[in-house]
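# Inside the fold
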Amino acid sequence: SQQGEEDPQALSIQEGENATMNCSYKTSINNLQWYRQNSGRGLVHLILIRSNEREKHSGRLRVTLDTSKKSSSLLITASRAADTASYFCATITIYNQGGKLIFGQGTELSVKP
Amino acid sequence: GAGVSQTPSNKVTEKGKYVELRCDPISGHTALYWYRQSLGQGPEFLIYFQGTGAADDSGLPNDRFFAVRPEGSVSTLKIQRTERGDSAVYLCASSLTKDPGNEQFFGPGTRLTVL
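Reference entry: report on the structure contained in this document. (Residues numbered from 1 in each chain as written. Chains lettered and ligands numbered in written order. Predicted model: local features only at pLDDT ≥ 70, side-chain atom pairs only at ≥ 80, totals over all residues. Heavy atoms only, no water.)

Looking now at the overall build of chain B. Looking only at helices and strands, chain B features zero helices and eleven strands. Element order for chain B, N to C, with α for helix and β for strand: β-β-β-β-β-β-β-β-β-β-β. Here the C-alpha atoms of chain B give a radius of gyration of 13 Å, agreeing with the 13 Å that 2.2 N^0.38 yields for 115 residues. In terms of principal-axis extent, the alpha carbons of chain B reach across some 35 × 25 × 25 Å. Within the span of chain B, comprising 115 residues, buried residues form 44% of the whole. Looking at chain B alone, contacts between residues at least 24 apart form 54% of all its contacts between residues at least 6 apart. If you sum the accessible surface of chain B, you get close to 5,300 Å²; carbon and sulfur atoms cover 48% of it. When the 12 positive and 12 negative side-chain charges of chain B are each reduced to one mean point, those points stand 7 Å apart. (Helix = DSSP H or I, 4+ residues; strand = E, 2+ residues; numbered from the N terminus. Rg over C-alpha atoms; globule rule 2.2 N^0.38 Å. Buried < 20%, exposed > 50% of the residue type's maximum accessible area, 1.4 Å probe, protein only. Contact = heavy atoms within 4.5 Å. Areas by Shrake-Rupley, 256 points an atom, 1.4 Å probe, with all protein chains shown as cover. Lys, Arg positive; Asp, Glu negative; His and termini not counted. Charge placed at Lys NZ, Arg CZ, Asp CG, Glu CD.)

Taken residue by residue, the interface counts 25 residues in chain A and 25 residues in chain B. Carbon and sulfur atoms make up 46% of the surface buried where chain A meets chain B, a total of about 1,900 Å² over both sides. Broken down residue by residue, the surface that chain A buries against chain B is led by A:R41, A:L43 and A:K100, which jointly contribute 29%. Summed over the shared surface of chain A and chain B, the number is zero salt bridges. Along the contact surface separating chain A from chain B lie seven residue pairs in polar contact (both at pLDDT 80 or more). Put simply, the parts of the chain that give the side of chain A that touches chain B at least two residues each are β4 (29–37), β5 (43–50) and β9 (85–93) of chain A. The biggest single contributor to the side of chain A that touches chain B is β4(A), with five residues. (Buried area = accessible area lost by both parts, 1.4 Å probe. Salt bridge = Lys/Arg side-chain N within 4 Å of Asp/Glu carboxyl O. Polar contact = N/O pair within 3.5 Å; in protein donor to acceptor, adjacent residues only side chain to side chain.)

Next up on the list: the sheet that holds strand β3 (residues 19–24) of chain B. Residues and elements named next belong to chain B. The strand order across the open sheet built from four strands is β1-β3-β8-β7, with neighbouring strands paired in antiparallel fashion. Single-partner strands in this sheet number two, and they are β1 (5–7) and β7 (65–68). Neighbouring strand axes in the sheet, compared pairwise and without regard to direction, differ in orientation by 15° on average. Relative to β3, β1 runs antiparallel, the two sharing three bridges. (Pairing = 2+ DSSP bridges. Axes fitted to C-alpha atoms, helices over the stretch in contact; angles between N-to-C directions.)

So far we have only geometry, and geometry alone does not tell us how the molecule works.
Structure representation (structure tokens):
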């Protein structure tokens, strides 16, 4: 079963604009991760934020985490056409000893040149 | 070094047949994960191995699904008596250990189509 929901389900922006995707989850987490997927195949890990962190940056990516609201957001600044992909948040709950990821439904991002 | 590889990349089979999907993890990675992704959905966890043993198989949908990792490296996901609802992309991932903080590296997936 899915852990949470992402919104929007689809987002279309112009190159150079910022893209913001949101993720909500249900149970207490160890960490939350964001992944990118092109063409419905392999996923690429983007960033991991631990439950005791509130914000993290990596290049043009900025992730926030609000554990009181059980939500996270991914901001991509100065978007490029090459950022077009599906983006998924995934959580590892505190109830798992291992790295079992529970994914959201994803946001399909389209960046138009 | 090489990433996670999966074979075949595509598999078309008929309802009722048996299929095997293979995953070669990154060398040295002790944890291996299987996920299934249906069209328009996020991946769903199936099973993960720490070494040779299945540490958590809670995501396997029913007893038609089975996975092995006999030598702690390559893993095979086996599906008996396939059904049309089994059609999906099957993703494999590996990580250095099962520690939740370790990044998981995903393979390209096997697209299974059951006719």
